[in-house]
Amino acid sequence: MLRIRCPYCEEARSEEEFAYAGEAHIRRPEDPEALSDREWGEYLHFRTNARGPHREMWVHAAGCRRYFNVLRDTVSYEILDVYPIGKAPSDDSTGNGA
Amino acid sequence: MGTPRRLPSGGRIDRDRPIAFSFNRREMRGFSGDTLASALLAHGVATVARSFKYGRPRGIVGHGVEEPNAIVDLGVGAAMTPNVRATEIELFAGLEARTSRAPWQGAVGPLARYLPAGFYYKMFLHARGFRTWERFLRATAGLGGVPEGPDPDTYDHLNHHCDVLVVGAGPAGLAAALEACRAGARVVLADEQAEFGGSLLAETGPVDGEHASSWVARTVAELESHPDAVLLARSTVSGLYDHNFVTVVERRPDAAGAPDVAGAPDVAGARERLHRVRAGQVVLATGAIERPLVFANNDLPGVMLASSVFTYLHRYAVVPGERMVLCTTNDSAYRTAIDWVGAGREVAAIVDARPEPSGAAMQAATRAGIEVIHGHAVIEARGRKRVREAVVAPLHGEDDRLTGPPRRIGCDLIACSGGWTPTLHLAAQTGVKPRWSDEAIAFLPVPAGDAVTWAGSAGGARSLPACLQTGAAAGAMAASRTGHGEGRVSAEPPETDEPPETPSRALFLVPHQRPPSRAPKQFVDLQLDVTAADIELAAREGYESVEHVKRYTALGFGTEQGKLGNVNGVAILARALGQDIAATGTTMFRPSYTPVTFGAVAGRDVGGFFDPERRTPMHGWHEEQGAEWEDVGRWKRPRYYPKAGEGMQDAVNRECLAARDGVAILDASTLGKIDIQGADAHVFLDRIYTTGFRRLGVGRCRYGLMLHEDGTIFDDGVTARIAGHRYLMHTTTGNAEAVFDWLELWRQTEWPDLDVYCTSVTDHWATAALVGPKSREVLGRVCDDIDLSRDAFRFMDVREGHVAGVPARVFRISFSGELSFEVNVPAHRGREVWDALIEAGAEFDITPYGTEAMHVLRAEKGFIIVGQDTDGSMTPADMGMDWAVRRNKPFGFLGERSLSLPDHLREDRLQFVGLASGDAVLPEGAPLVEVPDGAPPIPNQGFVSSAYHSARLSRPIALGLVRGGRTRLGEILHCALADGRNLPVTIVDPVFYDPDGKAQDV
Amino acid sequence: MPPPHNTLKPHALMQRYSLPRLLAHARRHHEDWQRAWRNPAPKDAYDTVIVGGGGHGLATAYYLAKEHGVTDVAVIERGYLGGGNTGRNTTIVRSNYLRDASTRLYDFALDLWRDLSREINFNVMFSARGVLNLGHTLQDMRDIERRVGANRLNGVDGEVLTTAEVQRLVPLMNCSPTSRYPVLGASWQPRGGVARHDAVAWGYARAADALGVDLLQQTEVVGIRVENGAVTGVETDLGFIAARRVACVVAGNSGVLARMAGLRLPIESRPLQALVSEPLKPCLDPVVMSAAVHCYISQSAKGDLVIGAGTDVYNGYGQRGSFPVLEHAVAAVCELFPAFSRVRMNRHWGGIVDICPDACPVIGPSPVRGLYFNCGWGTGGFKSTPGSGYVFADTIANERPHPLAAPFGLDRFASGALVDEHGAAAVAH
């Protein structure tokens, strides 16, 4: 069971307080109508699904209810980084397709 | 019956507290401090069970979690516990134990020759035949019985946070815990036994100049004096999970009895506790388990682990035999033979596989007058129901083969030791595979990060001083890693006087004159009857991976999970494949270390706490009225209110007619309510909903559909603008939480620039929907500060005022098609206002109605219920709800792009329609077909999503989804019933009642 | 590893398993049973390389060889045969899905299951004990009616049972109307059941080997070579192996392989947990499933209760699960079977399931010519094994989707034609 540090509460808590919210850093297209069906389908359904470091969103559901980003190794489950929404990944060379 | 094998003195048993118990209906006696196993051995019980596959007699082999044979069902009735190891049962008065496997279950034993590993894969190749065979096979398989009724006991969960968790309170664990405590760390120490001390409980030598037991007592006393130490006895650490989350199962003396257990607290409450521990550091001082030797007929009762014989002798004052042959590969077992002689019993010989054992152990044995036969091994045990003689033969010094003729030695006990297997289960549960060490002749743990360390024999330490030293060092190190102390031990490690050992011999399968395929069975896994021949056969057949062999032969799949057989099995496989053990590797270790009671895992989350039940403020009133209930999400909602003698249909008819003709009242408190505020709230809603929200006036309401990005309907509801920048969103009952999460997801992650805030206020409010032509009149009796007239309070308006003197928000919205006022008041005044409305409506015969009538009323109007008429794949167009979709909004709305995907434009999609049937109410869910008869596959034209008897229309009505349905109005389909009948149905418009909406606009 | 056994000729020499043969071997102390499969050295090139030696991959190889005569095939397995999800699942076999496309595919598989032991001369212990899917709410019961009705139109067996009928089939179940989620009824598929998971992999492996397929264990694919938009082979830790066609059947690692070919898939990988109890005497005959409380339970021939939990809520490749998910599943077992509360959990573990947005698989060609994927089975993988292998082999051999596989192409994620087997959304009113 994971232990996650909420970057807003600045507390490490058990996974039970949090909810997973999928891959991070997927921007909604500015103008969906301009996309082809295939491009829209990519946005909707296709995911990096990284084996290893994975950038993902979590929400502190039973705490401050705020979303944040986590860089987590999906094999070892080690949490490598935690940072607020809106902050760019600290190092683009790791996670999600690297 | 007597206890011929009990020594007259000694042991950690309390002879002043005799305990009566029964085993397989035989009355027996033991003492406080005994385990069931030690008490049985004291009585001289040899055979405790019949084996799994061959039905061979089996006796007690070990003294702890490794015991494969002595498995009993404990107690009777609902409080019976199946499959408990006798070695782990503390004796208590009135204990009733029965061998878990019935004797007849081994009935196929005589066919042993025809039952090699993999037998079942090769036979019964016809499926029907297999099903028949399987019934027989299942009957002969299985271990314990099932309790006869619901578990009468309860189980608790406790949560701990600590700096250092020490697993095991043997010498290493005690030393580790002591150092960690002294360094100031918060420590949890858990041990599976009733008493702390582990191997020291049977230790005869001194520790640190004092008797082992007094060292243990002094150490435990110091630990107890530390306020931040939690000491858990009878507590098995069952799992080590990610981020050092650890589960510890504490068995409390059985609620069914056990007041006689020495030192046991007087138990009330939970039978077991699951401690959920989050530890900064974990120190594994899990010890080691002695490895048996694999020789012919090594399963005969009377073949035991040397360390177990030692333990029974010293801890329980029990001698499980009279004349012993000790078969060993190492020094550690010698003292078992020496102390056996000390107990006045005879040692026929020590048979040592090493060519030339020497050193202190050897000398001590000789001094005790024991014959040591070196370079030999016991190759076979003989006897019918227990050991009568050991067959001993000389071994080649290096490559396990016999070099001379065998000889026989009479004995009734063969104590054996093939070395020690560190208990690595927890260390390996994190997924790091242990490594083989030729030097240690064992798999040793491999580090995975620096949050888990080990100490003592779990890490390969062989002597008591080494255990104490590594324990102390690990405890100090773990404490320092959590910020306590410098990592140095507080005192010199205690002195003990163990002589150095001479090297052990690696011996796993003892050779026989005949190869394993022809020799008497050489058991590797006693519980599942897996032999050396089985493993060789698996390898021969190409099952070469250790996991294949495990799965093909069932090696290690028993309830003791290979604690005895794993290493021998791997070694035998390695030899069969001609490779070394390191390359062969070991199987995965999975939690639990030992089996964990389901009830303990579930804890209190059963019965009413399985999932919390939500109740509205008016719940008590509904109960008083005798409402029947429906589960909606977590909510309990009244389904209908039967009057005396009424069935459901009668009640629903009455409730519906009251709403249409008079006045009725519904508890609508369960609808989700989200307060949305901020300068950009309207922009936010405009993006979330298909409908437009930019021009909604203050005091007005609007219906909206919420879509997922894939264009499917997710939720619907009415949102009101209750002030300039303030909106109140209503969601469906079951979706309230999901919708709230959805709003927050977009608000926080995608549109943080919008000035908008969402607050869930579902349970801040109680809601009563007053429905029917008389509703205005009723409301008027209890509300004098809102003008309720048609023009002042229009359909889809919201007003604030007071109802029954309570501040209220009133919505003129309708899910029934009738004139309707939804009265919202603060939740804590809900019952009061509800009572006032009921009183005000009394003269109009106000009728409470439940979800069933609510469904009928909305179905008459053709209103959808998300989740009933939609299934997660329907778009607004499918539901004929394009009227609720506003295109060309500045941003668009979530899911809009998907509405133009090719598949969503297909004309043969399932579309929402009404269905007119004859006199019968259609079964909800039933399929619709074009042609009533035919052979499968029959094209599926759709299904009935909602169907009711309409009291207003005096006929059944139904809603459904039909392929291209909206262009097929008037067409006749058939509803295919389960009994083979087909009912004709006509596709009609889904609005059955008041299509112009006159009734709600009066 | 022991030396390769290339010398052993396939097919002609395969000893068939039978009672007389067993008796004969018993007389010879089982000393000369033949290998179940060879352990060949890899060739430089194959017509078709199948990546993944689980049930699906081995079944694909078998049907390629048997139905299409394509025997120049290698199955490349990183670990040992059947060591992935094949050997980690709860072995439930059924075909009563909601949508026509999935029902037909799974029912095709179920038909193959029924005769599979005889077909591949290896007892996969398929046991048609029947499968119950419980309904706990009125909406569950509507969904059950709909599903069973739709199944019947497809010729798939099914009945809707009342609470009393469920109780008769499963006497130990708590069918009290006052329980938190009372059992209101169930769907019942008598042809459904369980099978022995390892045997499926081994049986297909042995049968494929006998037809000449090379099974390369302990061989890891580390790259997929693509030239001019077409696949040319795979890089392995033993070197390059050329192939005209490469078929990836690697549940739990599909995304990793896709990335090797520069592709992404509509898949997320998550642990799905399972556990077994200690063995008990026979006490539960049918398979009992409750999607509402996330609990799936059956009793194995050996007597263990085999229990499936829900999938973890976050991505992971750890083959271990989240403890709260396990706690919930066990609580559900205790709710449904109050007498099991005192029974003990022996082992628990996780498999990695590849989940598609519509809870349906992807079977078919990829944008790279000659590269095929069969993945995304979610929790449906084991039960589909024979059918999946059959239609995938047909798809590869004919280089076009088998009709039963056609609805499960990658193109559906652009067209919107999702099959959607999530079942009904949460009831909401």
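Predicted model, so just to flag it, every value in this text is computed and none were measured. Residue numbers run consecutively from 1 along every chain, following the written order of its sequence. Chains carry letters from A onward and ligands carry numbers from 1 onward, assigned in written order. Thresholds applied to this predicted model are a pLDDT of at least 70 for local features of residues and 80 or more for the giving and counting of side-chain atom pairs; totals over whole chains, interfaces and linings are not thresholded and use all residues. Side-chain measures here rest on the full set of heavy atoms in the structure, leaving out hydrogens and waters.

### Remarks on the overall build of chain C
For step 1, the next point in the chain: Secondary structure elements are taken from DSSP: a helix is a run of H or I of four residues or more, a strand is a run of E of two residues or more, and numbering for both begins at the N terminus. Counting its regular elements, chain C contains 11 helices and 18 strands.
For step 2, the next point in the chain: Within these notes, the globule rule equals 2.2 Å times the number of residues to the 0.38 power, and the radius of gyration is based on C-alpha atoms. Compactness check: chain C gives a C-alpha radius of gyration of 22 Å against a globular reference of 22 Å for 429 residues, within 12% of the reference.
For step 3, the next point in the chain: Considered along the principal axes of its C-alpha atoms, chain C spans approximately 65 × 60 × 40 Å.
For step 4, the next point in the chain: Whether a residue is buried, partly exposed or exposed follows from its accessible area with a 1.4 Å probe, protein chains only, as a fraction of its type maximum: under 20%, in between, or over 50%, in that order. For chain C, with 429 residues in total, the buried portion stands at 69%.
For step 5, the next point in the chain: Residue contacts are counted whenever heavy atoms from the two residues lie within 4.5 Å of one another. Residue pairs at least 24 apart in sequence account for 75% of intrachain contacts in chain C once pairs closer than 6 positions are excluded.
For step 6, the next point in the chain: Here the open area of atoms and residues is found with the Shrake-Rupley method and a 1.4 Å probe, where only the protein chains shown may cover a residue. Accessible surface computed for chain C: about 12,500 Å², of which carbon and sulfur atoms make up 54%.
For step 7, the next point in the chain: Charge convention: Lys and Arg are scored as positive, Asp and Glu as negative, and His as well as the terminal groups of each chain are ignored. Lys charges are placed at NZ, Arg charges at CZ, Asp charges at CG and Glu charges at CD. With 42 positive and 39 negative side-chain charges, chain C shows a separation of 3 Å between the mean positions of the two kinds.

### Describing the overall build of chain A
For step 1, the next point in the chain: Across its full length, chain A carries one helix and six strands.
For step 2, the next point in the chain: With the principal axes as the frame, chain A shows a C-alpha extent of 45 × 25 × 20 Å.
For step 3, the next point in the chain: Counting across all 98 residues of chain A, residues that qualify as buried make up 47%.
For step 4, the next point in the chain: Long-range pairs, those at least 24 residues apart, make up 51% of the contacts in chain A with a sequence separation of at least 6.
For step 5, the next point in the chain: Total accessible area on chain A stands at roughly 4,500 Å², and carbon and sulfur atoms take up 44% of it.
For step 6, the next point in the chain: The positive charge centre, built from 13 side chains, and the negative charge centre, built from 18, are 4 Å apart in chain A.

### Some points on the packing of aromatic side chains
For step 1, the next point in the chain: Think of it this way: a Phe, Tyr or Trp ring, Trp meaning its six-membered ring, pairs with another when their centres are within 6.5 Å, and the plane angle makes it stacked under 30 degrees, edge-to-face over 60, tilted otherwise. In this structure the tally under the stated criterion is 50 aromatic pairs over all chains.
For step 2, the next point in the chain: With 5.8 Å between their ring centres and 40 degrees between their planes, Tyr312 of chain B and Tyr316 of chain B make a pair best called tilted. Per residue, the accessibility class of Tyr312 of chain B equals that of Tyr316 of chain B, and both read buried.
For step 3, the next point in the chain: Taken together, Tyr121, Tyr543 and Tyr552 of chain B together with Tyr17, Trp33, Trp37, Phe122 and Trp202 of chain C form an aromatic cluster joined through their ring pairs.
For step 4, the next point in the chain: A cation sits over an aromatic face here: Arg687 of chain B above Phe891 of chain B, 4.1 Å from the ring centre. Cation placement over rings: the criterion is NZ of Lys or CZ of Arg within 6 Å of the ring centroid and within 35° of the ring normal.

### Topic: the interface of chain C and chain B
For step 1, the next point in the chain: Counting residues at the interface gives 114 residues for chain C, matched by 136 residues for chain B.
For step 2, the next point in the chain: Just to be clear on terms, a salt bridge is a Lys or Arg side-chain nitrogen sitting within 4 Å of an Asp or Glu carboxyl oxygen. Linking chain C with chain B are 14 salt bridges, by the criterion used here.
For step 3, the next point in the chain: Across the pair Arg35 of chain C and Glu544 of chain B runs a salt bridge, and its minimum N-O distance is 2.8 Å.
For step 4, the next point in the chain: Take the side of chain C that touches chain B: its biggest share by element is 11 residues, from helix H9 (residues 323-336) of chain C.
For step 5, the next point in the chain: For this scheme, ten residues count as nonpolar: Ala, Val, Leu, Ile, Met, Phe, Trp, Tyr, Cys and Pro. Four count as charged, namely Asp, Glu, Lys and Arg, and the remainder, Gly too, count as polar. Classifying every residue of the side of chain C that touches chain B gives 55 nonpolar, 30 polar and 29 charged.

### What about the pairing of strand S32 (residues 628-632) of chain B?
Residue and element names in this part refer to chain B.
For step 1, the next point in the chain: When S32 meets strand S33 (residues 635-640), the two strands line up antiparallel, connected through five bridges. Note that in S33 the partner of Asp631 across the bridge is Lys636.
For step 2, the next point in the chain: Here the rule is simple: two strands pair whenever DSSP picks up at least two bridges between them. Linking S32 to S33, which pair antiparallel, is a turn of two residues; within it Gly633 sits at a positive phi near 60 degrees.

### Topic: the sheet that holds strand S5 (residues 159-162) of chain C
For step 1, the next point in the chain: Within the open sheet, the nine strands sit side by side as S31(B)-S16(C)-S12(C)-S15(C)-S14(C)-S13(C)-S4(C)-S6(C)-S5(C). Their pairing is mixed. Every interior strand has two partners, whereas the edge strands, strand S31 (596-597) of chain B together with S5 of chain C, have only one.
For step 2, the next point in the chain: Pairing of strand S4 (residues 131-135) of chain C with strand S6 (residues 185-189) of chain C, which is carried by five bridges, proceeds in the antiparallel orientation. Directly across from Leu132 of chain C, in S6 of chain C, lies its bridge partner Trp188 of chain C.
For step 3, the next point in the chain: Between N-to-C directions, angles cover 0 to 180 degrees, with each direction set by a line fitted to C-alpha atoms, over the stretch in contact for helices. In the packing of H9 of chain C onto the sheet, the strands contacted are S4, strand S12 (268-277), strand S13 (287-290), strand S14 (295-299), strand S15 (305-311) and strand S16 (344-355) of chain C, and the crossing angle to S15 of chain C comes to about 130 degrees.

### Points about the nonpolar core
Within soluble globular proteins, side chains that are nonpolar tend to cluster in buried spots.
Residues and elements named next belong to chain C.
For step 1, the next point in the chain: Among the buried residues, those of types Ala, Val, Leu, Ile, Met, Phe, Trp, Tyr and Cys that are joined through side-chain atoms within 4.5 Å form a nonpolar core. Core analysis: the largest hydrophobic core is formed by 105 residues, its most contacted members being Trp113 and Tyr204.
For step 2, the next point in the chain: Sorting elements by how many residues they give to this core places helix H7 (residues 197-210) first, with eight residues.
For step 3, the next point in the chain: Excluding anything up to four places from it in sequence, Trp113 contacts Val93, Val124, Phe126, Ala195, Val200, Phe382, Lys383, Thr385 and Pro386.

### A closer look at the domain arrangement of chain C
Residue and element names in this part refer to chain C.
For step 1, the next point in the chain: The domain limits used here are those given by an automatic or database domain assignment. Taken as a whole, chain C is organised into domain 1 (45-122 + 197-266 + 357-415) and domain 2 (131-193 + 269-355).
For step 2, the next point in the chain: Its C-alpha centre places domain 1 at a distance of 27 Å from the equivalent point of domain 2.
For step 3, the next point in the chain: Seen at the junction of domain 1 and domain 2, the total is two salt bridges.
For step 4, the next point in the chain: For Arg191, the salt bridge identified is with Asp111, shortest N-O distance 3.0 Å.
For step 5, the next point in the chain: At the level of elements, strand S3 (92-93) and helix H3 (100-114) are the ones that each hand at least two residues to the side of domain 1 that touches domain 2.

### What about the interface of chain A and chain C?
For step 1, the next point in the chain: Each partner contributes to the interface: chain A provides 25 residues, whereas chain C provides 28 residues.
For step 2, the next point in the chain: When the buried surface of chain A facing chain C is broken down by residue, Phe46, Asn49 and Arg51 of chain A rank first, second and third, together holding 30% of it.
For step 3, the next point in the chain: Our count for the contact surface shared by chain A and chain C stands at one salt bridge.
For step 4, the next point in the chain: Here Arg264 of chain C ties to Glu42 of chain A by a salt bridge, and the two come within 3.8 Å at their closest N and O atoms. Buried area: the accessible area, evaluated with a 1.4 Å probe, that two parts lose upon being put together, summed over both parts.

### Points about the pairing of strand S8 (residues 155-167) of chain B
For step 1, the next point in the chain: In this structure, S8 of chain B lies alongside strand S15 (residues 272-284) of chain B, joined through 12 bridges in parallel fashion. Residue pairing across strands places His160 of chain B opposite Val277 of chain B, the latter belonging to S15 of chain B.

### A short note on the confidence of the model for chain C
Residue and element names in this part refer to chain C.
For step 1, the next point in the chain: When pLDDT is averaged along chain C, the result is 93; 95% of the residues meet or exceed 70.
For step 2, the next point in the chain: Throughout residues 424-429 the model reports pLDDT below 50, and contacts reaching past four residues in sequence, or to other chains, amount to 26 contacts.
For step 3, the next point in the chain: Model confidence for the complex is summarised by a pTM of 0.95, with the ipTM given as 0.96. One confidence number per residue, pLDDT, is output by the predictor and ranges from 0 to 100.

### A look at helix H1 (residues 37-45) of chain A
For step 1, the next point in the chain: Looking only at H1 of chain A, the buried set comprises Trp40, Gly41, Tyr43, Leu44 and His45 of chain A. Buried positions in H1 of chain A, seen along its axis, are confined to an arc of 165 degrees and lie on one side of it.
For step 2, the next point in the chain: Buried positions along H1 of chain A lie against helix H19 (736-750) of chain B together with helix H11 (412-415) of chain C. Arc definition: it is the arc formed by the directions from the helix axis to the C-beta atoms.

### Looking at the environment of Leu915 of chain B
Residue and element names in this part refer to chain B.
For step 1, the next point in the chain: If you trace the backbone, Leu915 turns up in strand S45 (residues 910-917).
For step 2, the next point in the chain: Between the alpha carbons of Leu915 and Arg794 there is a distance of 32 Å; along the sequence they are 121 residues apart.
For step 3, the next point in the chain: Among residues more than four places away in sequence, those in contact with Leu915 are Leu928, Val944, Ile957, Ala958, Leu959, Gly960, Val962, Val985, Thr986, Ile987, Val988 and Phe992.

### Digging into the sheet that holds strand S37 (residues 713-723) of chain B
All names here are of chain B.
For step 1, the next point in the chain: Strand order in this open sheet of five strands is S36-S37-S38-S35-S39, and the pairing throughout is antiparallel. Of all strands in the sheet, those bounded by a partner on one side alone are strand S36 (701-707) and strand S39 (757-760). Averaged over all pairs of adjacent strands, the angle between strand axes in this sheet comes to 25 degrees, irrespective of strand direction.
For step 2, the next point in the chain: In the sheet, strand S35 (residues 672-677) pairs with strand S38 (residues 726-731) via six bridges, with the strands oriented antiparallel. Its bridge partner lying in S38, Ile676 is registered against Tyr727.
For step 3, the next point in the chain: Of the strands in this sheet, S35, S36, S37, S38 and S39 touch H19, which is tilted by about 160 degrees from S39.

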